[in-house]
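# Observations on the model geometry
One-letter residues, chain by chain:
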Amino acid sequence: NECDVGTYEPMEGSSECSLCDAGTYQPNKGSTMKTDCIPCEAGSYALTGKGECNDCEAGSYQSLTGQMECNECDVGTYEPMEGSSECSLCDAGTYQPNK
């Protein structure tokens, strides 16, 4: 059997495939090298053994590549869009009390 997306196996005769690390993804079947696992871009994340990265949800961000989670926007900042690498400061006359 071919290794599924999100996995790889460099050794012949293996009984199972290895999962790509959290923060990386592997979109193709039959991968043979760990280096085929691609780091997620800023603004996205992936858990272990994924075939694609997920965008950070609105209200969160990820400024680094290769991460397994997104961060909530800090108090006084916001992000209305998905897939952001940073949050924006609230405009004058507005506020965001929650993290």
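For the structure itself, consult the block above.
As a starting point, this report considers the structure included with it. Only a predicted model underlies this, so the values are computations on that prediction, with no experimental measurement involved. All residue numbers refer to position in the chain's written sequence, counted from 1. Local features are withheld for residues below a pLDDT of 70 in this predicted model, meaning they are given only at 70 or higher, and side-chain atom pairs are given and counted only at 80 or more; totals for whole chains, interfaces and linings count all residues. Note that water and hydrogens are dropped before the side-chain values are worked out from all heavy atoms of the structure.

## So, the overall build of the chain
Secondary structure summary: the chain contains zero helices and 10 strands in total. Labels follow the DSSP assignment, with helices taken as runs of H or I lasting at least four residues and strands as runs of E lasting at least two, numbered in each case from the N terminus. Put simply, the chain runs from its N terminus to its C terminus through helices and strands in the order β-β-β-β-β-β-β-β-β-β. For the chain, whose C-alpha radius of gyration is 17 Å, the value lies well above the compact-globule estimate of 13 Å for 99 residues. Principal-axis analysis of the C-alpha atoms places the extent of the chain at approximately 65 × 15 × 15 Å. For the chain, the residues scored as buried account for 25% of the 99 residues in total. In this setup the radius of gyration rests on C-alpha atoms only. A globule is expected at 2.2 Å times the number of residues raised to 0.38. Relative accessibility thresholds used throughout: buried, under 20% of the residue-type maximum; exposed, over 50%; partly exposed, between the two (1.4 Å probe, protein chains only).

## Section: the state of the cysteines
Disulfides are defined as pairs of cysteine sulfur atoms found within 2.5 Å of each other. One pass over the structure, following the stated rule, counts five disulfides. Across the disulfide, C20 is cross-linked to C37 (sulfur-sulfur distance 2.0 Å). On the sign convention where negative is left-handed, the bridge of C20 and C37, at about -70 degrees about the S-S bond, is left-handed. Of this pair, C20 sits in the loop between β2 (18-19) and β3 (24-25) while C37 sits in the loop between β3 and β4 (38-39), and the two are 17 residues apart along the sequence. Here C73 engages in a disulfide with C87; their sulfurs sit 1.9 Å apart. Measuring handedness by torsion sign, the sulfur bridge of C73 and C87 sits at about -75 degrees and is left-handed. Of this pair, C73 sits in the loop between β8 (71-72) and β9 (77-78) while C87 sits in the loop between β9 and β10 (88-89), placing them 14 residues apart in sequence. According to the relative accessible area criterion, C73 is buried, its value standing at 5%. For the chain, the disulfide bridges join cysteines in the arrangement 1-2, 3-4, 5-6, 7-8, 9-10, where the cysteines are counted in sequence order. Distance from the sulfur of C90, which forms no disulfide, to the nearest cysteine sulfur (C73) is 9.1 Å.

## Considerations on the environment of M81
By secondary structure assignment, the location of M81 is in the loop between β9 and β10. Measuring from C-alpha to C-alpha, the distance between M81 and S63 comes to 14 Å, with 18 residues separating the pair along the chain. Non-local contacts of M81, meaning those with residues more than four positions away in its chain, are made with E57 and A58. Throughout, a contact is declared for two residues whenever any of their heavy atoms are within 4.5 Å.

## Observations regarding the environment of Q96
Relative to the helices and strands, Q96 is located in the segment after β10. Exposure remark for Q96: the relative accessible area of 27% places this residue in the partly exposed category. Taking the C-alpha atoms as reference points, Q96 and T77, separated by 19 residues in sequence, lie 6.3 Å from one another. What Q96 contacts, discounting residues up to four positions off in sequence, is V75, G76, T77 and C90.

## Thoughts on the side chain of S31
Turning to its location among the elements, S31 is positioned in the loop between β3 and β4. In terms of polar contacts, S31 uses its side chain to reach the side chain of D36, at 2.6 Å. Discounting residues that sit within four places of it in the chain, S31 has contacts with C3, T7, Y8, E9, Q26 and D36. Any pair of nitrogen or oxygen atoms within 3.5 Å is treated as a polar contact; in protein, a donor-acceptor pairing is required on top of that, and neighbouring residues in sequence qualify only through side-chain atoms on both sides.

## Some points on the environment of A92
By the secondary structure assignment, A92 is in the segment after β10. Relative accessible area serves as the criterion here: at 80%, A92 is assigned to the exposed category. For A92 and C53, which are 39 residues apart along the polypeptide, the C-alpha to C-alpha distance reads 34 Å.

Everything listed here is a matter of coordinates, which is why it stays silent on function.
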